[in-house]
Amino acid sequence: MQHPTEIDFGTPLRTSAQEVTLQIDGESVTVPAGTSVMRAAVDAGINVPKLCATDSLEPFGSCRLCLVEVEGRKGYPASCTTLVEPGMQVRTQSPKLQELRKGVMELYISDHPLDCLTCAANGDCELQDMAGVTGLREVRYGMDGANHLHAKKDESNPYFTYDPSKCIVCNRCVRACEETQGTFALTISGRGFESRVSAGQDQPFMESDCVSCGACVSACPTATLQEKTVIMMGQPEHSKITTCAYCGVGCAFKAEMKGNEVVRMVPWKDGKANDGHSCVKGRFAWGYATHKDRITTPMIRKSITDPWQVVGWDEAIGYAASEFRRIQAKHGRDSIGGITSSRCTNEETYLVQKLVRAAFGNNNVDTCARVCHSPTGYGLGQTFGTSAGTQTFKSVEQADVIMVIGANPTDGHPVFASRMKKRLREGAKLIIVDPRTIDMVRSPHVQADYHLKLKPGTNVAVISALAHVVVTEGLLASAYIAERCDDKSFQQWRDFVAKPENSPEALEQVTGVPAADMRAAARLYATGGNAAIYYGLGVTEHSQGSTMVMGIANLAMATGNVGREGVGVNPLRGQNNVQGACDMGSFPHELPGYRHISDSTVRGEFEAAWGVSLQAEPGLRIPNMFEAALAGSFMGLYCEGEDIVQSDPNTQHVTAALAAMECIVVQDIFLNETAKYAHVFLPGASFLEKDGTFTNAERRISRVRKVMPPKAGLADWEVTVKLANALGYPMAYSHPREIMAEIASLTPTFHGVSYEKIDQHGSVQWPCNENTAELGTETMHRDKFVRGKGKFIITQFVPTEEKVTRKFPLLLTTGRILSQYNVGAQTRRTENSQWHSEDRLEIHPHDAEERGIKADDWVGIESRAGHTVLRALVTERMQPGVVYTTFHFPESGANVITTDNSDWATNCPEYKVTAVQVMPVVQPSEWQKSYAQFNQNQLDLLQAATTAPVLADAIK
């Protein structure tokens, strides 16, 4: 029996309080009003032939295969565009319908290659299926006349082929690009017989606006648009549902396999986060998992100037454990620590923090999640009482006003951006708060109503000005505030933001945003209906990151925009498991579930379960680890799945700290920048090689399922277990489900989470326990805030210490690009580099002209922290005085120039504000020269290990 989500109902599901009953082929069918006859038939188990129809797209009615007969109605209407009516009597089969359908199919086949046996889509072709359904056995029309059989293929895209000879002009790809993706890159060119799909204006796909999301490939019913992996490998023979390991959207995919090899990743229709959509990374950029750079054997060395020595698992684990014990004996219990990863599963992250607390005996554990979203945890925890986003992604479909602050959804969270753009095309209003003109400001059929183009570092001033308008113009949701919020804190906040110095006019010079625009945007947000805020690292990665998160929460509460569909405060998490890494207790001061380590009751629960005594004092954060290393008191580090050398600020400070340590253990799939400073390398597993769960930005816990054996023999959780056992702390798990059971037993918000429940329902959302619905909580704070009454907090604007000077007159800010991901370790090892092969410095034409810089020139970027060289991209996206770059390539050294300024509450680095000077140069920076030499040396030492492995005891 087919799984319900495998069935294509032909047209989208409609919801209505009114139901309609009709007869289809003599069967009584009851469906919601607004349902198509086609969908009603499929609901009743009656399949109607179709080619242009699919349930992810609005009905189109062009293929003429789905014709039906309706009692009392002339002609043969298309069932996809005909809506049900009470008492309607429909016939889907009759001799006349069969004749008409066969005739239609004959016309299609008359201009289609008859190469089914050798076609890559053989066995997975709807045209082939419909030829069988209609009983077509011969084609009366010869192929001697005009046809498209020799039309030239477009092979320009690295991931899929476009073969116009097989196009039946069903429009599904064009509609998918418009309705699902929202890029509008495809069209039908020509008329009549000459009609064919084209990218852009008859351009190759790679020269068009196509973003390679794969929606067109998924929609195509023939082999016109086909994955190159399928052409090369043939049709898959089995599949498993898993979760994407890229951004925080958490798309569900069906990994389609041949044996242990992935043939393609197909977005899963029933994925609650993505509803069957995808982006170029999740859909196509999974080849890194089998890349030749993968390291699949453990390695050790005494010094980072020594060649790597290939050893067995037991030797590597034993050596790491002995070194950690040696360091603790020499420097004290607190001299070692661990770093968890936002790319690993919840279960693996939980085990690493458990290992640090129980086996190392301290709380020196931190995570890369702190360097991006820790202000979210602090700010929302203080105001709402919990540290996560309030809504589902689907909630945006109910929003009337959308405010995007410091986020670039089309590049960082593209599948959610498509959902958002669809709502905007339906009429929702858009406010963008960003120093750069991102795509969402103006893209096909989407234009921001207001773009508040602020100066970097002035977020808090902008949110204060918006709040000032809401308070002084009487736009407060008074009844909501009286019922839901703490009165004393509200009155103090109201009096604060009402001060003249917080007005848009007073802050216009500070922010660079015209006062009139700020007033108009505030009015729209407060009065436009359901208003939702989505924000990203442009909010959190500031010295006032926590202050800004609290300011956003204040504004949402003041306007009554928390606690129902279509509103809320929604952080867009950068990596696949940032939310999960935070949930699992990866911070030195918090146990799983955001409970402070100093709470003796909470600590007692974990001590009883883990069989150890836990330290009550918080441990070291990553920056504290670096300072302690340079001071000689922190000498050992276990780093799982994280590249702190490339991703943390002030690179030279980071590398100096690592070079001072005596034993660094890195667990990863590649020799990343941090691993080049390591003494023990433990090969990691990709998401395709492990079982576990990820938690996305909407608190959705989804399964990760192993589709191939681990290349190195062990999944990451198994490696941590081995290390704990070698350190004398026993861990005995046989499967990650047992780890999740332990997490659920010790974490109140996870009490109702289990693999069985996730496997049954697809996903759950925390809080999920005895106080919530079966599948958890879709919308937070519905009746009251988690903390009880929502708390307003005064958010005084304090200018960043990082200021422009005569020496450093420009402000640098950083971000991501669609085709690359984070430090690029995964995406750089795929064809995605065809879109973005280097980091560029974006600079406004005025600033470029002033410095004699032209497009593609090499420019030096110097800050008080360091100096690097990139090529220039002269663009109006930037405002004068502000420059921008991405950080996906290690040789770029983007974080060589970022400083160690950080958020006052959480130490989250201030990546988004760095004062710099930019000038033309003719050679790399001194750092880049030394990096190139160091990198080559490390690659040579790795090469030496692969050619001449020796026994571990040779270096003891």
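For every chain, the first residue of its written sequence is number 1, and the numbers climb from 1 along that sequence. It should be noted that, the model being predicted, local features are given only for residues of pLDDT at least 70 and side-chain atom pairs only at 80 or more, the latter also being counted only at that level, while totals for whole chains, interfaces and linings use all residues. No hydrogens and no water enter the side-chain calculation; it runs on all heavy atoms of the structure.

### Quick word on the side chain of Thr390
What counts is decided by this rule: Secondary structure elements follow DSSP: runs of H or I no shorter than four residues count as helices, runs of E no shorter than two count as strands, and numbering proceeds from the N terminus. Whether a residue is buried, partly exposed or exposed follows from its accessible area with a 1.4 Å probe, protein chains only, as a fraction of its type maximum: under 20%, in between, or over 50%, in that order. Think of a polar contact as two N or O atoms within 3.5 Å of one another; within protein, one of them needs to be a possible hydrogen donor and the other a possible acceptor, and neighboring residues in sequence only count if both atoms come from side chains.
Here Thr390 is to be found in the loop between helix H10 (370–383) and strand E16 (401–405). In this structure Thr390 comes out as buried when scored by relative accessible area, which is 0%. A polar atom in the side chain of Thr390 sits 3.1 Å from the backbone nitrogen of Val569.

### So, the nonpolar core
Note the following rule: Take the buried Ala, Val, Leu, Ile, Met, Phe, Trp, Tyr and Cys residues and link them wherever side-chain atoms come within 4.5 Å; each set so joined is a nonpolar core. Residue contacts are counted whenever heavy atoms from the two residues lie within 4.5 Å of one another.
In this structure, Phe160, Leu225, Ile402, Met420 and Leu430 are the most contacted members of the largest nonpolar core, which totals 70 residues. Broken down by element, the residue count for this core peaks at 4 residues, all from helix H12 (residues 414–425). Other than its neighbours up to four places away in sequence, Met420 contacts Val396, Ile402, Val404, Met440 and Tyr534. Trp313, Ala316, Val721 and Leu727 belong to the second-largest nonpolar core, a separate cluster that totals 59 residues.

### Comments concerning the sheet that holds strand E29 (residues 700–704)
Just so we agree on the cut-off: Strand pairing is defined by DSSP finding a minimum of two bridges between the two strands. For helices, the fitted axis covers only the stretch in contact; all axes are lines through C-alpha atoms, and the angles between them, taken along N-to-C directions, range from 0 to 180 degrees.
Pairing is antiparallel in the open sheet, where 3 strands are placed in the order E28-E29-E30. Each having just a single partner strand, strand E28 (692–695) and strand E30 (763–765) make up the two edges of the open sheet. On average, adjacent strands in this sheet sit at an angle of 30 degrees to one another, irrespective of strand direction. Where E28 and E29 come together, 4 bridges link them in antiparallel fashion. Counted as the bridge partner of Thr693 is Arg703 from E29. Here helix H9 (residues 346–360) sits on the sheet and contacts E28 and E29; the angle it forms with E28, its principal contact strand, is near 95 degrees.

### Some thoughts on the sheet that holds strand E10 (residues 252–258)
An order of E9-E10-E11 is seen for the 3 strands of this open sheet, with the pairing classed as antiparallel. Bordering the open sheet on either side are strand E9 (238–243) and strand E11 (261–267), each of which pairs with just one other strand. Averaged over all pairs of adjacent strands, the angle between strand axes in this sheet comes to 30 degrees, irrespective of strand direction. Bridge count for E9 against E10 is 6 bridges, and the pairing is antiparallel. By the bridge assignment for E10, Thr243 is matched with Ala252.

### Remarks on the confidence of the model for the protein chain
Interpretation of this model should avoid reading the predicted coordinates in detail wherever pLDDT is low. Where we set the bar: Note: pLDDT gives the predictor's confidence per residue, expressed from 0 to 100.
Residues at a pLDDT of 70 or more form 98% of the protein chain, whose mean pLDDT is 93. Note on residues 950–956: pLDDT is under 50 here. Beyond four places in sequence and across chains, it has 13 contacts.

### So, the pattern of salt bridges
Worth spelling out the cut-off: Only one rule defines a salt bridge in this text: a Lys or Arg side-chain nitrogen within 4 Å of an Asp or Glu carboxyl oxygen.
Applying the stated criterion across every chain yields a total of 54 salt bridges. The salt bridge partner of Glu58 is Arg14, with a shortest N-O separation of 2.7 Å. Taken as a pair, Glu58 in the loop between helix H1 (37–43) and strand E3 (69–70) and Arg14 in the segment before strand E1 (19–24) lie far apart in primary sequence, 44 residues in all. Measuring nitrogen to oxygen at the nearest pair gives 3.0 Å for the salt bridge that ties Glu397 to Arg419. Here Arg419 lies in helix H12 and Glu397 lies in the loop between H10 and E16, a separation of 22 residues in the sequence. For Glu397, a relative accessible area of 30% puts it in the partly exposed group. Given a relative accessible area of 10%, Arg419 falls into the buried group. Three or more residues joined by partner-sharing salt bridges are found here, namely Glu6, Asp124, Glu227, Lys254, Glu256, Arg264 and Arg283.

### So, the environment of Ala894
Topologically, Ala894 is positioned in helix H29 (residues 894–897). For Ala894 and Thr814, which are 80 residues apart along the polypeptide, the C-alpha to C-alpha distance reads 8.3 Å. Not counting residues up to four positions away in its chain, the partners in contact with Ala894 are Thr885, Thr886 and Phe887.

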